Amino acid sequence: MTKAQEMLYPVGVENLFIAFMTGGKDTADAIPTFDSEIYELPTIETIGIAGNPTTAVKWASNKMFVNATKNSTFTLTLDHTALPVEVVDKMNGVTPEKGIVFDTSNVKEYPFFAIGFIAPLSDGSKQARWFPRTQITPPQESFATATEETIIPTQQLVMTASPLLFNNVTKSDFNSARDSATGVKAADFMKQVVCDESQLETLFPVTP
């Protein structure tokens, strides 16, 4: 029995990875480029992933002939301990002056970034994932008074992952338990944003 045939399950979640799109937005003409710095943050508590599927059903000869599903976006809910203010400012598309930023009621498109994570599996294998085109939604915040009991509050960030303009990719998923994952590790997958099949031969060449 190969690993791909075993009953494996996730046993946690490791670091968060964030890479910002160069220029803040992708185009339909080419694979997007990302800043060379990928933030690797050990702050994930949980990350929820919810699809938004639509289904088309077609009946013929009194039978369900077609049952097709399309999922255009994912809602990502990140519960975390903390994020660097530099990362939060980049997500919000603001440049501070003298430590100050301003928010207005004007129409605004938030910058796009890739977000990813690694999740270990029960046998030591690892699953890794990139959502290459993600934006934040305006956060809900609360601040509470300190008490004698020390509590570090959980913070939440809600994001929307949408399809790339170039190829409609919404996510890329690596699993080291797959038979075809020979020679590739989750850490290799997370060294850059993987968002198109044309990258695979260059990023993960077959070794003799």
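Residues numbered from 1 in each chain as written. Predicted model: local features only at pLDDT ≥ 70, side-chain atom pairs only at ≥ 80, totals over all residues. Heavy atoms only, no water.

Draft legend 1. Unusual backbone geometry, seen in detail. Although it is not a glycine, S61 adopts a positive phi angle of roughly 55°. Structurally, S61 can be placed in the loop between β3 (44-60) and β4 (63-80). Residue classification places S61 among the exposed residues on the basis of a relative accessible area of 66%. (Helix = DSSP H or I, 4+ residues; strand = E, 2+ residues; numbered from the N terminus. Buried < 20%, exposed > 50% of the residue type's maximum accessible area, 1.4 Å probe, protein only.)

Draft legend 2. Region of the structure containing the layout of surface pockets. In this structure, the largest pocket spans a volume of roughly 1100 Å³. Surrounding the largest pocket, 33 residues form its lining, Q140, E141, S142, F143 and Q155 being those nearest its centre. Elements represented by at least two residues in the lining of the largest pocket include exactly α1 (85-92) and β7 (155-161). At 5 residues, the largest contribution of residues to the lining of the largest pocket is made by α1. Across the lining of the largest pocket, the residue classes tally to 18 nonpolar, 10 polar and 5 charged. Empty space within the second largest pocket amounts to approximately 520 Å³. F174, S180, V184, L200 and F204 are the residues nearest the centre of the second largest pocket, which is lined by 24 residues in total. For the lining of the second largest pocket, the secondary-structure elements that each account for two or more residues are β8 (172-175), α2 (186-189) and α3 (200-203). The element that contributes the greatest number of residues to the lining of the second largest pocket is β8, accounting for 4 residues. Looking at side-chain class alone, the lining of the second largest pocket contains 12 nonpolar, 6 polar and 6 charged residues. (1 Å grid on protein atoms, 1.4 Å probe; cavity = no way out; pocket = protein on both sides within 12 Å on 5 of 7 lines; lining within 4 Å. Points joined across faces, edges and corners; volume = space filled by probe spheres on them. Nonpolar A, V, L, I, M, F, W, Y, C, P; charged D, E, K, R; others polar.)

Draft legend 3. Quick peek at the pairing of strand β6 (residues 126-136). Here β6 lies mainly inside the structure; 10 of its 11 residues are buried. For strand β5 (residues 113-120) and β6, the ladder comprises 7 bridges, and the chain directions are antiparallel. Among the inter-strand pairings, F117 is bridged to a residue of β6, identified as R129. Here β5 folds back onto β6 in antiparallel fashion, the turn holding 5 residues, of which G124 has a positive phi close to 100°. Here β6 runs beside β8; their pairing, made up of 4 bridges, is antiparallel. Bridge assignment links R129 to a residue of β8, and that residue is D173. Note: β6 against β7, 3 bridges, orientation antiparallel. Counterpart to T134 in the pairing with β7 is A161. (Pairing = 2+ DSSP bridges.)

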